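Chain by chain, the residues run as shown.
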Amino acid sequence: MPTKPRTSARRAVRRATPSASTTARPSRADAEDAVRTLIRWAGDDPTREGLLETPSRVVRSYEEFFAGYGHDPKLVLARTFEEVDGYDEIIVLTDIRFESHCEHHMVPIIGKAHIGYLPDRRVVGISKLARLVEVYARRLQIQEKMTAQIADALQEVLKPRGVAVVVEAAHQCMTTRGVHKPGVSMVTSRMVGAFRSDARTRREFLSIIDMAGQRGIPNA
Ligand SMILES: [Zn+2]
């Protein structure tokens, strides 16, 4: 009998140690301290008057920038399904503006997403598509991953005959640091189902978003 409690205690310690360091959420005070450290590291004095409120402002901004972690994208889509009487053409929502942050430098990625899908009996409210983009954008991201996440969530929950997502964005890690190349935008796309297998469906989607924005995206 005396060995049993010892064993479970050791197990508990082994489980607690890695998870405490990786998943426990730091307090707001910890986060503000971290900002003070960065200010000092940049070469300024966090106790001077102009910077006194900065750590709390930065932490509040972070709550906004990274609000997506608090929302389940699949729940966003799950709420509003409707029957559509025989509508079987593609549905496209263009120019969904988003603000995200690159996971390599934590600086803004600002751009637009275009989403199309080919419904199979069910549709989702268009505001939910915009909300889906927002839930993924308000996280640390890379554009390629975000593009795939939006398409895959839509495909998984709505189960349409296909999903197309094109994202175009400017990355401030390219314009304000590193190679300093303003005016560059990156385009990523994810085609699922009919948009991948049927060139005509894909072309239709691409020409709709091209018409909407006069972008000249080449037909794939
Ligand atoms: Zn970056």
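Cut-off values and rules
- Residues numbered from 1 in each chain as written.
- Predicted model: local features only at pLDDT ≥ 70, side-chain atom pairs only at ≥ 80, totals over all residues.
- Heavy atoms only, no water.
- Axes fitted to C-alpha atoms, helices over the stretch in contact; angles between N-to-C directions.
- Helix = DSSP H or I, 4+ residues; strand = E, 2+ residues; numbered from the N terminus.
- Left-handed = near helix turned anticlockwise from the far one by under 90°.
- Contact = heavy atoms within 4.5 Å.
- Nonpolar A, V, L, I, M, F, W, Y, C, P; charged D, E, K, R; others polar.
- Donors = N, O, S within 2.8 Å, 3.2 Å for Na, K, Ca; no water.
- Buried < 20%, exposed > 50% of the residue type's maximum accessible area, 1.4 Å probe, protein only.
- Phe/Tyr/Trp six-rings, centres within 6.5 Å; stacked < 30°, edge-to-face > 60°.
- Pairing = 2+ DSSP bridges.
- Parallel < 35°, antiparallel > 145°, perpendicular 65-115°, else oblique.
- Core = buried A, V, L, I, M, F, W, Y, C linked by side-chain atoms within 4.5 Å.
- Salt bridge = Lys/Arg side-chain N within 4 Å of Asp/Glu carboxyl O.

## Observations concerning the packing of helix α2 (residues 28–42) against helix α3 (residues 54–65)
Part 1 of the argument: Interaxial distance between α2 and α3 falls to 8 Å at its minimum, and their mutual angle equals 115 degrees. Of the two possible hands of crossing, α2 and α3 adopt the one that is right-handed. Side by side, α2 and α3 meet where Arg 28, Ala 31, Glu 32, Val 35, Arg 36 and Ile 39 of the first sit next to Thr 54, Pro 55, Ser 56, Val 58, Val 59, Arg 60 and Glu 63 of the second.
Part 2 of the argument: Of the residues in the contact of α2 with α3, the class split is six nonpolar, two polar and five charged.

## Details of the coordination of the zinc ion
Part 1 of the argument: Coordination of the zinc ion by the protein involves Cys 102 (SG), His 105 (ND1) and Cys 173 (SG), with metal-donor separations of 2.2 to 2.3 Å.
Part 2 of the argument: Donor residues for the zinc ion sit on one chain with the sequence pattern C-x2-H-x67-C.
Part 3 of the argument: When its relative accessible area of 35% is taken as the criterion, His 105 is described as partly exposed.

## Remarks on the packing of aromatic side chains
Part 1 of the argument: Here the structure, examined in full by the defined rule, presents four aromatic pairs.
Part 2 of the argument: Between Tyr 62 and Phe 66, the ring centres sit 5.0 Å apart and the planes meet at 75 degrees, which makes this aromatic pair edge-to-face.
Part 3 of the argument: Residue Tyr 62 is classed as partly exposed on the basis of its relative accessible area, which comes to 36%.
Part 4 of the argument: Ring centres of Phe 195 and Phe 205 lie 5.8 Å apart, and the angle between their planes is 75 degrees; on these two criteria the pair is classed as edge-to-face. With a gap of ten residues between them, Phe 195 in helix α8 (residues 194–197) and Phe 205 in helix α9 (residues 199–213) connect regions that are remote in the sequence. Each member of the pair Phe 195 and Phe 205 is classed as buried.
Part 5 of the argument: Among the aromatic residues, ring-to-ring pairing joins Tyr 62, Phe 65 and Phe 66 into one connected group.

## Thoughts on the sheet that holds strand β7 (residues 186–193)
Part 1 of the argument: Strand order in the open sheet made by the five strands is β5-β2-β3-β6-β7, with mixed pairing throughout. In the strand order of this sheet, the two ends are held by β5 (140–141) and β7, each with one partner.
Part 2 of the argument: Relative to strand β6 (residues 162–171), strand β3 (residues 108–118) runs antiparallel, the two being bridged by ten bridges. For Ile 109, the partnering residue across the bridge sits in β6 and is His 171.
Part 3 of the argument: Along the sheet face, helix α6 (residues 143–158) touches β2 (91–102), β3, β5, β6 and β7 and points at about 25 degrees away from the line of β7.

## Remarks on the packing of helix α5 (residues 126–137) against α6
Part 1 of the argument: It is the contact of α5 with α6, at a shortest axis distance of 10 Å, that shows an interaxial angle of 135 degrees. Taken as axis vectors, α5 and α6 run oblique relative to one another. Here α5 and α6 pass one another in a crossing that is right-handed. Counting all contacts with α5, which are made through Leu 129, Leu 132, Val 133, Tyr 136 and Ala 137, the residues of α6 involved are Met 146, Gln 149, Ile 150, Ala 153 and Leu 154.
Part 2 of the argument: Residues of the contact of α5 with α6, tallied by class, amount to nine nonpolar, one polar and no charged.

## Here's the deal with the nonpolar core
Part 1 of the argument: In this structure, Phe 98, Ile 115, Tyr 117, Ile 150 and Leu 154 are the most contacted members of the largest nonpolar core, which totals 30 residues.
Part 2 of the argument: Sorting the residues of this core by element identifies β2, β3, β4 (122–124), α5, α6 and β6 as the ones contributing at least two each.
Part 3 of the argument: Here this core gets seven residues from one element, more than from any other, and that element is α6.
Part 4 of the argument: With sequence-adjacent residues up to four places away left out, Phe 98 is seen in contact with Ile 109, Ile 110, Gly 111, Lys 112, Ala 113, Val 133, Ala 137, Met 146, Val 167, Glu 168 and Ala 169.
Part 5 of the argument: Membership of the second largest hydrophobic core comes to ten residues, among which are Ala 164, Phe 205, Leu 206 and Ile 209.

## What to know about the pairing of β6
A regular strand carries its side chains on alternate faces of the sheet.
Part 1 of the argument: Extensive coverage of β6 is indicated by the burial of nine of its ten residues.
Part 2 of the argument: In the sheet, β6 pairs with β7 via eight bridges, with the strands oriented antiparallel. Residue Val 166 lies in a different strand from β7, and its bridge partner there is Ser 189.

## A closer look at the pattern of salt bridges
Part 1 of the argument: With the rule as written, the count across this model stands at eleven salt bridges.
Part 2 of the argument: With its nearest N and O atoms 3.4 Å apart, the salt bridge here joins Asp 120 to Arg 121.
Part 3 of the argument: For Asp 120, a relative accessible area of 30% puts it in the partly exposed group.
Part 4 of the argument: For Arg 121, a relative accessible area of 56% corresponds to the exposed category.
Part 5 of the argument: Beyond isolated ion pairs, a larger network of salt bridges with shared partners links Glu 32, Asp 33 and Arg 36.

Fair warning: the whole summary comes from geometry, so function is off the table for now.
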